[in-house]
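Summary of structural features
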Amino acid sequence: MKTLDGWLEFIERQHPKTIALGLDRVRAVLDRMRLDIACPVITVAGTNGKGSTCALLEAMLRAGGYRTGLYTSPHLVRYNERVRIAGVEASDEALAASFEAVEAARHGTELTYFEYGTLGALWIFARERLDVVLLEVGLGGRLDAVNAIDADCAVLTSVGIDHVDYLGPDRESIGREKAGIFRAGRPAVIAEPHAPRSVLEAPGEKLLLGEHFGYADENTQWSYWGPAGKRGGLAHPALRGTMQLRNASAAMCALDSLRDRLPLGMQEIRRGLAEVELPARFQVVPGRPQVILDVAHNPQAAEVLAENLARSGFAPETIAVCGMLRDKDIDGVIRALAPRVTQWHMASLSGPRAASAEELARHVAGAACFASPSLAFEAALGRAAENDKIVVFGSFLTVGEVLGWLKNNKTSKR
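Residues numbered from 1 in each chain as written. Predicted model: local features only at pLDDT ≥ 70, side-chain atom pairs only at ≥ 80, totals over all residues. Heavy atoms only, no water.

**Looking at the environment of His345**
For His345, the position within the fold is in strand 15 (residues 343-347). The exposure class assigned to His345 is buried, which follows from its relative accessible area of 0%. Along the backbone, His345 and Ala361 are 16 residues apart, and their C-alpha atoms lie at a distance of 8.5 Å. Of note is the side chain of His345, whose polar atom sits 3.3 Å from the side chain of Arg383. (Helix = DSSP H or I, 4+ residues; strand = E, 2+ residues; numbered from the N terminus. Buried < 20%, exposed > 50% of the residue type's maximum accessible area, 1.4 Å probe, protein only. Polar contact = N/O pair within 3.5 Å; in protein donor to acceptor, adjacent residues only side chain to side chain.)

**Side note on the packing of helix 2 (residues 24-33) against helix 5 (residues 113-127)**
It is the contact of helix 2 with helix 5, at a shortest axis distance of 11 Å, that shows an interaxial angle of 30°. Our classification of the angle between helix 2 and helix 5 gives roughly parallel. The crossing of helix 2 and helix 5 is right-handed. Across the interface between the two elements, Arg25, Val26, Val29, Leu30 and Met33 of helix 2 pack against Glu115, Leu119, Leu122 and Trp123 of helix 5. (Axes fitted to C-alpha atoms, helices over the stretch in contact; angles between N-to-C directions. Parallel < 35°, antiparallel > 145°, perpendicular 65-115°, else oblique. Left-handed = near helix turned anticlockwise from the far one by under 90°. Contact = heavy atoms within 4.5 Å.)

**Describing the packing of helix 3 (residues 50-63) against helix 9 (residues 243-257)**
Between helix 3 and helix 9, the least distance of the axes is 9 Å, while the angle of their chain directions is 50°. Relative to helix 9, the element helix 3 lies oblique. Seen from above, helix 3 lies across helix 9 with right-handed handedness. Across from Ser52, Thr53, Leu56, Leu57, Met60 and Leu61 in helix 3, the residues of helix 9 making contact are Gln244, Asn247, Ala248, Ala251, Met252, Ala254 and Leu255. Here the residues of the contact of helix 3 with helix 9 sort into 9 nonpolar, 4 polar and no charged. (Nonpolar A, V, L, I, M, F, W, Y, C, P; charged D, E, K, R; others polar.)

**Thoughts on the side chain of Ser348**
Mapped onto the secondary structure, Ser348 falls in the loop between strand 15 and helix 13 (357-361). From its side chain, Ser348 meets the backbone nitrogen of Ala357 in a polar contact 2.8 Å long. Contact partners of Ser348, with chain neighbours within four places excluded, come to Ala355, Ser356, Ala357, Glu358, Phe370, Ala371, Ser372 and Pro373.

**Quick look at the environment of Asn308**
Residue position: Asn308 is located in helix 11 (residues 299-311). The exposure class of Asn308 is buried, given its relative accessible area of 7%. A C-alpha to C-alpha distance of 7.7 Å links Asn308 and Thr242, two positions 66 residues apart in sequence. Contact partners of Asn308, with chain neighbours within four places excluded, come to Gly241, Thr242 and Phe282.

**Comments concerning the packing of aromatic side chains**
Any two aromatic rings considered together are summarised by their centre-to-centre distance and by the angle between their planes. All told, the structure shown has 8 aromatic pairs when counted by the stated rule. Between Tyr79 and Tyr113 the ring centres are 6.0 Å apart and the planes differ by 85°, which places this aromatic pair in the edge-to-face class. Of the two residues, Tyr79 sits in the loop between strand 2 (68-71) and strand 3 (83-85) while Tyr113 sits in helix 5, which places them 34 residues apart along the sequence. The residues Tyr79 and Tyr113 share a single accessibility class, namely buried. (Phe/Tyr/Trp six-rings, centres within 6.5 Å; stacked < 30°, edge-to-face > 60°.)

**So, the pattern of salt bridges**
Counting across every chain of the model gives 18 salt bridges. One network of salt bridges, with partners in common, ties together Arg78, Glu89 and Asp92. (Salt bridge = Lys/Arg side-chain N within 4 Å of Asp/Glu carboxyl O.)

**Digging into the sheet that holds strand 10 (residues 221-226)**
Judged by pairing direction, the sheet is antiparallel, and its 3 strands sit side by side in the order 9-10-11 without closing on themselves. A single partner strand is all that each edge strand has here, and the edge strands are strand 9 (214-218) and strand 11 (229-235). Strand-to-strand twist in this sheet, taken as the mean axis angle between neighbours without regard to direction, amounts to 15°. By the bridge criterion, 5 bridges tie strand 10 to strand 11 in an arrangement that is antiparallel. Paired with Gly226 across the two strands is Gly229, which belongs to strand 11. Of the strands in this sheet, strand 9, strand 10 and strand 11 touch helix 9, which is tilted by about 35° from strand 10. Its contacts with the sheet put helix 10 (residues 266-275) on strand 10 and strand 11, and the angle it makes with strand 11 is roughly 40°. (Pairing = 2+ DSSP bridges.)

And the structure:
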């Protein structure tokens, strides 16, 4: 049997394209695998917020004693992060066995890296005694591999402009793709406050933010209301940023909609809010200078990051470490953060979709260019004074490399 690294190298070579949307290939292999997911499935889509919403759902459900399966993407440091059972990352051995099962059922069907991984995760979930499965959409929704499974409840966190080459040029077309995870007669939680018509007209029993559920920020606490009533006096989620109240209310509404199958009490909700963890969503690394990690890679997420930076206190200098993919709205991201940044360190990423540091530097005056995120971060550390900030953003690849650097350099000047 191949090692996990061997399998990952193998599956990278099985399709000529990194991204190839469509369900025919996945469904054909899934049918041959004869997997049975017998528990409720919650599928989460959205331009931003879907990772946080999945983490909140997992934390609340685990606090209630439920055995959860969680599939997310992409990973930051290790592939194992993508598949979690009861809050624990899948082992190398389990993942390798899952890929072997997919290969045995593939019969020559070309699968992308993500499709292979999705089928592997579903194979693991089918073999575990789970109470609930949480699936994060990789890209879009309608044609994403996770949509081969019918969701008992779908959640749409937000609709912004991103991945226009695959999803369309405007919010109507992007919304139509994301709402493709909805199922007729089943709840669809819509946390996007300005949902496009394509979302509102999609199938499903829609639960709209501001109409069927909502929240109120009450400074040190917040309150939620939804299908199961009002819950007040809640502590803010352990995830940083004001946007997390919207994500938390979407998660709570989804649980309200499945309360007959997955009942949860107030104590479990509170515990989940307090214990939720998710790296690289305005993650503040202990020490000086202050280091903030955020996977923001589109203008909507960059605006939230800029708002969170504004709320995080004054710093004489804020040094940005930015690495991005070429197919992103680079100008829009940089424009959103420019008022909060005093120095720019641009980093080249690897891979066919990557933008070079020099490409990024064309969008802002005076930027320094580096061959990798780790080199850009090392230089930022060398320039930063104790009271300055370093904010790392632009891609999972950028933040993941810096996270790896931090783990390997715990004895640095920080």
